[in-house]
Amino acid sequence: MPVATLLPFTATPSRKSSSPTSFRLTEKFILLLVFSAFITLCFGAIFFLPDSSKLLSGVFFHSSAVETNTRKGTDSDSNIAVGTDEKILAKIRKDHEKALVEAKDTLQKRPDEIKQDIQNEKDKVLKEGLGKGGKDDDNLPVIEYVRPPGATGHEPSDPETKERREKIKEMMKFAWDSYKRYAWGSNELRPVSMQGHSSNLFGSIKGATIVDALDTLYVMEMYEDFEMATEWVEKNLDFNVNAEVSVFEVNIRFVGGLLSAYYLSGKEVFRKKAIQLGEKLLPAFKTPTGIPWALLNLKSGIGRNWPWASGGSSILAEYGTLHLEFMHLSKLSGNPAFAEKVMNIRKVLNRLDKPQGLYPNYLNPNSGQWGQHHVSVGGLGDSFYEYLLKAWLMSDKTDEEGKKLYYDALQAIETSLMRKSSGGLTYIAEWKGGLLEHKMGHLTCFAGGMIALGADGAPEDKTGHQMEQAAEIARTCHESYARTTLKLGPEGFRFDGGVEAIATRQNEKYFILRPEVIETYMYMWRFTHDPKYREWGWEAVQALEKHCRVEGGYSGVRDVYATSPNHDDVQQSFYLAETLKYLFLLFSDDDHLPFEHWVFNTEAHPLPVIKKEMTDTDKPNQLE
Ligand code: DMJ
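Residues numbered from 1 in each chain as written. Predicted model: local features only at pLDDT ≥ 70, side-chain atom pairs only at ≥ 80, totals over all residues. Heavy atoms only, no water.

Asks: Help me understand the site of the ligand, please; the structure alone is not making it clear to me.
Replies: Neighbouring residues of the ligand: Ile252, Arg253, Leu443, Arg514, Pro515, Glu516, Phe574, Glu578, Thr602 and Glu603. Thr602 is positioned such that a nitrogen or oxygen atom in its backbone is 2.7 Å from an oxygen atom of the ligand. Look at the ligand: alone it shows 300 Å² of surface, and the protein chains cover 92% of it. Most atoms of the ligand, that is more than half of them, are within 2 Å of grid points of the largest pocket. Every element with two or more residues in the shell around the ligand is listed here: α10 (247-265) and α21 (573-586). (Near = heavy atom within 4 Å. Polar contact = N/O pair within 3.5 Å; in protein donor to acceptor, adjacent residues only side chain to side chain. Areas by Shrake-Rupley, 256 points an atom, 1.4 Å probe, with all protein chains shown as cover. 1 Å grid on protein atoms, 1.4 Å probe; cavity = no way out; pocket = protein on both sides within 12 Å on 5 of 7 lines; lining within 4 Å. Sits in = over half its atoms within 2 Å of the grid points. Helix = DSSP H or I, 4+ residues; strand = E, 2+ residues; numbered from the N terminus.)

Below, the structure is given as structure tokens:
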């Protein structure tokens, strides 16, 4: 195509030219000038205009929904576009506010709670990934942890109560610090000789005090110590030992302690360890009747009974005090074996005749027959009755069988064992082959609390009557303290030979930091709010401080009637698990570990009530 056709202005008639050739050259020059000016302009546009890359991306890509939306529509849609922008800004603002609130919440949490939340999120994702019935590395079901209400409390408003509660926390701190300092990793502390002490009840399992104290550290908000104890459990608590242990003691202190620590803190390590230990205990049930042996070698799985027990019998308070922990083990492991074992114990008992409705302390696991007819609500019998009631309460009152067994047993106890002294003190005697022994043990004093706890559900309008019984037992047990020189209760006290609530035999005069009397004060306080129970508890605190506190911790005493204490040099693990925890709760508000959500095992380890509506398999640990 000729250039002239493209550039018509070049034929302007006024233009001078000497020849057609020279005109063409000028034209070419002008064309070149115009073309180079155009190229320069294009380069300038590309390199010198601001943020040209964005312009390009704006032209060629729609990089976000916001851009797409705001660029849509004609000029007449501009109002809609403005409205959309405002919505987006509002959304951004809302998201920011939400993030700020979340950040504020997180800042208020303790580091371990934050860690746990992260772990829970991970577990949730894992669970979603695995689908329903997913398993973790240890082949345990992945469960969503929900902390039951009242795991932590708050300071009481009344200054005196607050101060007393603080004092008890200081006592716990002293007991724990002493154990840490002189006996860390041993089962218990010898506070006078300031060294470790290992009872053969736990074979070569170590750290009874650590596991028993875990939940007390948590409820008293001693979180750093709780973390330290947790780390010890993670790294050192080992059940692969060639050792014979007491099935009952290991269950109430170790399994119970681990379960409580799990339910309070949500830390998986406790669930895993509790289940591992529970599995180790299962061989104890390999007897012709399924009534477990008292002693078990954890390595060989071989069991036997205490050599002193009547005719090779198992003990009522031992095989009858597994129910609460084993129900929770089944729940947390998805393994029904634990629950089956304890339900079978009930079946065996249901088939047997009970003399006057009472349960003898000895039962032969081979023949399924009672041994010696000795009945007691103290040592050898005590926590069997406690677990009947608590099985019903822990099942959210669905275990009707447990309920019936408890109230029937209590009726038989009232008829055959409960008596009033001439001085007006109610006591629960012991029964040997049909004859009453008018003696009550310190251990029996827990019954005041138990009867108060069950009074509300008592049949035939007996609630008031049972509350009176509970109050009477609390009074008697308080008398057993008040009638000593040291104001601490003897191991056993009698109502015969002209004495009431006093120990007459030398081997019944000791006090080993036991909790039962304080436990009863705590229940009575919760149900009546009668200030005398706090006063009685405070009297016990003063006596403990005066006579049991020594340089290296707290010690039991050999004779509560002596003018000055002779120390036995043992700081029992239950002192931290039970005595100090019940004292602390006695001076706390009722919403700390409230009874409608928690049930205490016999070692004072709180276990959550398994709520009715949460028993479906989708929610294995939805506890509220
Ligand atoms: C604790 O180990 C438990 O309370 C058990 O049921 C009986 N005795 C001790 C404390 O005295």
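Asks: Please clarify how the state of the cysteines should be interpreted in this entry.
Replies: Cysteine pairs can be linked by a disulfide, which is a covalent bond between their two sulfur atoms. Tallying each qualifying case throughout the model produces one disulfide. Across the disulfide, Cys445 is cross-linked to Cys477 (sulfur-sulfur distance 2.1 Å). Looking along the S-S bond of the Cys445-Cys477 disulfide, the torsion reads about -95°, which is the left-handed sense. In this pair, Cys445 sits in the loop between β13 (439-441) and α17 (446-455) while Cys477 sits in helix α18 (residues 463-482), placing the two residues 32 residues apart along the sequence. A relative accessible area of 0% places Cys445 in the buried class. For Cys477, a relative accessible area of 1% translates into the label buried. (Disulfide = S-S within 2.5 Å. Buried < 20%, exposed > 50% of the residue type's maximum accessible area, 1.4 Å probe, protein only.)

Asks: Explain the side chain of Ser383 to me, please; I cannot follow it from the model alone.
Replies: With respect to the helices and strands, the residue Ser383 is situated in helix α15 (residues 382-394). Of the residues examined, Ser383 reaches a relative accessible area of 2% and is grouped as buried.

Asks: Whenever I open this one, the environment of Met222 confuses me. Can you help?
Replies: Relative to the helices and strands, Met222 is located in the loop between α8 (208-219) and α9 (223-236). Separated by 50 residues in the primary sequence, Met222 and Met172 have C-alpha atoms spaced 9.6 Å apart. Among all residues touching Met222, those that are not within four sequence positions of it are Lys169, Met172, Lys173 and Leu217. (Contact = heavy atoms within 4.5 Å.)

Asks: Help me understand the sheet that holds strand β4 (residues 295-297) in this model?
Replies: Strand pairing within a sheet occurs via backbone hydrogen bonds; the two strands may be parallel or antiparallel. In spatial order, the strands read β3-β4-β5; together these three strands make up an open sheet with antiparallel pairing. A single partner strand is all that each edge strand has here, and the edge strands are β3 (244-246) and β5 (303-304). Relative to β4, β3 is paired through three bridges, and the arrangement is antiparallel. If you follow Ser246 over to β4, its bridge partner there is Leu295. Contacting β3 and β4, α10 runs over the sheet at an angle of about 65° to β3. (Pairing = 2+ DSSP bridges. Axes fitted to C-alpha atoms, helices over the stretch in contact; angles between N-to-C directions.)

Asks: What is the right way to look at the packing of aromatic side chains in this model?
Replies: Applying the stated criterion to the full structure yields 29 aromatic pairs. The interplanar angle of 80° and the centroid separation of 5.7 Å between the aromatic rings of Phe174 and Tyr554 together place this pair among those described as edge-to-face. You can see Phe174 sitting in helix α7 (residues 159-183) and its partner Tyr554 sitting in strand β16 (residues 553-554), a full 380 residues away along the chain. For the pair shown, Phe174 and Tyr554 are each scored as buried. Here Tyr521 and Trp536 contribute two aromatic rings whose centre-to-centre distance is 5.6 Å and whose plane-to-plane angle is 55°, an arrangement assigned as tilted. With Tyr521 in helix α19 (residues 516-528) and Trp536 in helix α20 (residues 531-548), this residue pair connects regions lying 15 residues apart in the sequence. (Phe/Tyr/Trp six-rings, centres within 6.5 Å; stacked < 30°, edge-to-face > 60°.)

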